[in-house]
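Observations on chain architecture
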Amino acid sequence: MNRSAPEQPTTPYLDALVAYGFRGSSRFHVPGHKGGGGSDPGLLSAVGERALALDISQDIDGVDVGPPPTPYERAELLAAEAYGAGQTWFLTNGATQGNHALCLSLARPGEHVLVQRNSHASVVDGLVLSGGSASFIAPEYDAELGMAHGVTPEALEQALERDPRTRAAFIVSPTYYGMSADIAACAEVAHAAGAALVVDNAWGAHFGFHPALPESPLHLGADAVLASTHKIVGSLTQSAMLHVARDGKVDADSVGRAVRLVRSTSPSSLLLASLDSARRQIAVHGEALLERTLAASAAARAAIDEVPGCSVVGEGMVGRPGIAGWDPLRIVIDVRGTGCTGYEVAGALRASYDIYVELATHATIVLVLGIAQPVEPLQHFVHDFAETVRRISREGREHEIARPQAALEHETVIPLRAAFLGEGETVPVDEAIGRISCESIAGYPPGVPALLPGERVTGEVVGYLRELRDAGARLHGAADPHFETVRVLVE
Ligand SMILES: Cc1ncc(COP(=O)(O)O)c(C=O)c1O
């Protein structure tokens, strides 16, 4: 990581975009709104003239065309420098695009990868696109809180021993709850088995930019790292970065080809510029901004801990299996002692105070802070949360948390891609038992797929998903979110 390099305070792509966008060139190219002059007045007044003037197409001389390195190329080089990567790509379809590209590069037909079972759905989708085969590794599971954590190096080692042909291991760190895995040990184990380590660090684009945060996975031996820059670091929604390590086990040329395959030929200049400026902000001011945010988080957590029936979880869990570190920008509040579910608390906060949290589960609500978190709303939250809990708490109600899905047996009958692309039919759930699923369905929480394309639908899986649905969990990926029907393969 080289944050103090002389060019880090510059934003070559943003500057080139501004220079073109505001100089009044005659635009006989797309987009058709012509820098705002031809747009619907409603859009113009909603997003403003300046944003529309900067919404330009690809292939503009002096922006992304011209003598190399172009401003666009320099922006990606600066991002690679800031994160300590061998190569970085700006993504305009989120970390989702990065997972698709990584699968296309590392899990080609005939190749095998190992995937943490609670990986983001885009990994499964990437495998459908790429045609490689996969086996799955269960994350550690906290039955008390109904929370999936990371994988342990030991579990990874055993899984790699079972599948010695594995080309790459795809793991997630940190989790949605901010728990990070032991990346250094996972990298050692993967490399010893001849496999590359891919870390989905979608929630950790700020890691490594403050000593109190977990280190960046690139510095702990990961070969490819995905970061959803928009989630915490402040670029615009849908923008992300994919990094490949210098001298690692992932070939940058092959990833570059795959990134181009899943990229639009009209990437949004606004998203790209936001990545360039988010990189500058975190590289130049990240530590100071995080210092303030970390202090605000600590104060808020201490106050929330005082609210009867509530406790903040995270720091105290470090050292448990699958948890090597923790992100204080995630405030996970265990509300079980209030007698209410997290869903109820979140609903009451919304109704009374117009407060929207990132996630509610049976046991918890989860707040996500940004790197430069405005402090005042967090202070208000502490007050409003305490008031809400005081008003709605009731004693003596225990909430059943669905049992760990790790207990479920998964029988893969045909490859993911064949199941997803094969001829399917939609049938009532009870009639699907014994058939092969075309769908991927994960209850959220815990976010671990109970069913993947190509797996046999069992009575046990159906019972588990019904249990989750009835308990209020969302069923991600299910074509029928009410889980009355499911799509299965016509055999
Ligand atoms: C672990 C993980 N990976 C990838 C993604 C996809 O990121 P994006 O929404 O930027 O496409 C998400 C989104 O929530 C995620 O949680």
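Residues numbered from 1 in each chain as written. Predicted model: local features only at pLDDT ≥ 70, side-chain atom pairs only at ≥ 80, totals over all residues.

Digging into the overall build of the protein
Of the regular secondary structure elements, the protein holds 15 helices and 20 strands. Here the C-alpha atoms of the protein give a radius of gyration of 23 Å, agreeing with the 23 Å that 2.2 N^0.38 yields for 491 residues. Projecting the C-alpha coordinates of the protein onto the three principal axes gives extents of approximately 65 × 55 × 50 Å. By residue count, 52% of the 491 residues in the protein fall in the buried class. Considering only residue pairs separated by 6 or more positions, the protein has 72% of its internal contacts joining residues 24 or more positions apart. (Helix = DSSP H or I, 4+ residues; strand = E, 2+ residues; numbered from the N terminus. Rg over C-alpha atoms; globule rule 2.2 N^0.38 Å. Buried ≥ 20, exposed ≤ 12 C-beta atoms within 10 Å, placed from the backbone. Contact = placed C-beta atoms within 7 Å.)

Thoughts on the site of the ligand
Every residue lining the ligand is accounted for by Gly94, Ala95, Thr96, His120, Ser122, Val172, Asp200, Ala202, Ser228 and Ala240. For the shell around the ligand, the element with the most residues is helix 4 (residues 94-106), which contributes three residues. Looking at the shell around the ligand, its residues break down into four nonpolar, five polar and one charged. (Near = placed C-beta within 6 Å. Nonpolar A, V, L, I, M, F, W, Y, C, P; charged D, E, K, R; others polar.)

A look at the pairing of strand 15 (residues 364-368)
Most of strand 15 is tucked away: four of the five residues are buried. With five bridges joining them, strand 13 (residues 330-334) and strand 15 adopt antiparallel strand pairing. Within the sheet, the bridge partner assigned to Arg330 lies in strand 15 and is Val368. Where strand 14 (residues 359-360) meets strand 15, two bridges bridge the pair, whose relative direction is antiparallel. (Pairing = 2+ DSSP bridges.)

With respect to the sheet that holds strand 14
Read across the open sheet, the four strands follow the order 11-13-15-14; overall the sheet is antiparallel. Only two strands of the sheet have a single neighbouring strand rather than two, namely strand 11 (311-313) and strand 14. Across three bridges, strand 11 lies against strand 13 in antiparallel orientation. Bridge pairing links Val313 to Val332 in strand 13. Packing against the sheet, helix 11 (residues 342-353) makes contact with strand 14 and strand 15, and its axis sits at approximately 50° to strand 15. (Axes fitted to C-alpha atoms, helices over the stretch in contact; angles between N-to-C directions.)

Some details on the packing of helix 10 (residues 269-305) against helix 12 (residues 375-392)
Helix 12 packs onto helix 10 with a crossing angle of 5° between their chain directions and a minimal axis gap of 10 Å. With respect to helix 12, the element helix 10 is oriented roughly parallel. Contacts from Ala296, Ala300, Ala303 and Ile304 of helix 10 reach helix 12 at Val375, Leu378, Phe381, Val382 and Phe385. Tallied by class, residues from the contact of helix 10 with helix 12 come to nine nonpolar, no polar and no charged. (Parallel < 35°, antiparallel > 145°, perpendicular 65-115°, else oblique.)

Here's the deal with the domain arrangement of the protein
You can read the domains of the protein as domain 1 (69-268), domain 2 (285-392) and domain 3 (405-489). Placing a centre on the C-alpha atoms of domain 1 and another on those of domain 2 gives a separation of 27 Å. Counting residues at the interface gives 26 residues for domain 1, matched by 30 residues for domain 2. A class-by-class count of the residues in the side of domain 1 that touches domain 2 yields 14 nonpolar, ten polar and two charged. (Domains from an automatic or database assignment.)

Observations regarding the packing of helix 1 (residues 12-21) against helix 3 (residues 71-83)
Any two packed helices are characterised by the angle at which their axes cross and by the distance between the axes. Remark: helix 1 packs on helix 3, axes separated minimally by 7 Å, with the N-to-C direction vectors making an angle of 155°. Compared by their axis directions, helix 1 and helix 3 come out roughly antiparallel. Contact residues: helix 1 offers Pro12, Tyr13, Asp15 and Ala16, while helix 3 offers Pro71, Tyr72, Arg74 and Ala75. The residue makeup of the contact of helix 1 with helix 3, split by class, is six nonpolar, no polar and two charged.

Quick word on the sheet that holds strand 10 (residues 240-244)
Pairing is mixed in the open sheet, where seven strands are placed in the order 1-10-9-8-6-2-3. The open sheet has two free edges, formed respectively by strand 1 (87-91) and strand 3 (133-137), since each of these has just one partner strand. Shown here is a sheet whose adjacent strand axes are inclined to one another by a mean of 20°, direction ignored.

Structural notes on the pairing of strand 2 (residues 112-116)
Across the five residues of strand 2, four count as buried, placing the element largely inside the fold. Across five bridges, the pairing between strand 2 and strand 3 is parallel. By the bridge assignment for strand 3, Val115 is matched with Phe136. Remark: the strand 2/helix 5 (residues 121-130)/strand 3 crossover connection has right-handed handedness. Pairing between strand 2 and strand 6 (residues 166-172): four bridges, direction parallel. Within strand 6, the position partnered with Leu114 by the bridge is Ala169. (Right-handed = clockwise from strand over helix to strand, strands pointing away.)

Section: helix 2 (residues 41-53)
With 13 residues, helix 2 ought to run about 18 Å at 1.5 Å a step, yet its terminal C-alpha atoms sit only 14 Å apart, falling short of that. The largest bend along helix 2 reaches roughly 95° and is located at Val47. (Expected span 1.5 Å × (residues − 1). Bend = angle between axes of the 7 residues up to and from the residue.)

Concerning helix 5
Counting buried residues in helix 5 gives eight out of ten residues, a clear majority hidden from the surface. After helix 5 finishes, the residue Gly131 shows a positive phi value of roughly 85°.

Side note on the nonpolar core
Residues Ala169, Ala190, Val198, Ala222 and Ala224 are the most contacted members of the largest nonpolar core, which totals 148 residues. If one sorts the elements of this core by residue count, helix 10 sits on top with eleven residues. When residues no more than four places from it in sequence are discounted, the contact partners of Ala222 are Ile183, Ala187, Leu197, Val199, Pro217 and Ala245. (Core = buried A, V, L, I, M, F, W, Y, C linked by C-beta atoms within 7 Å.)

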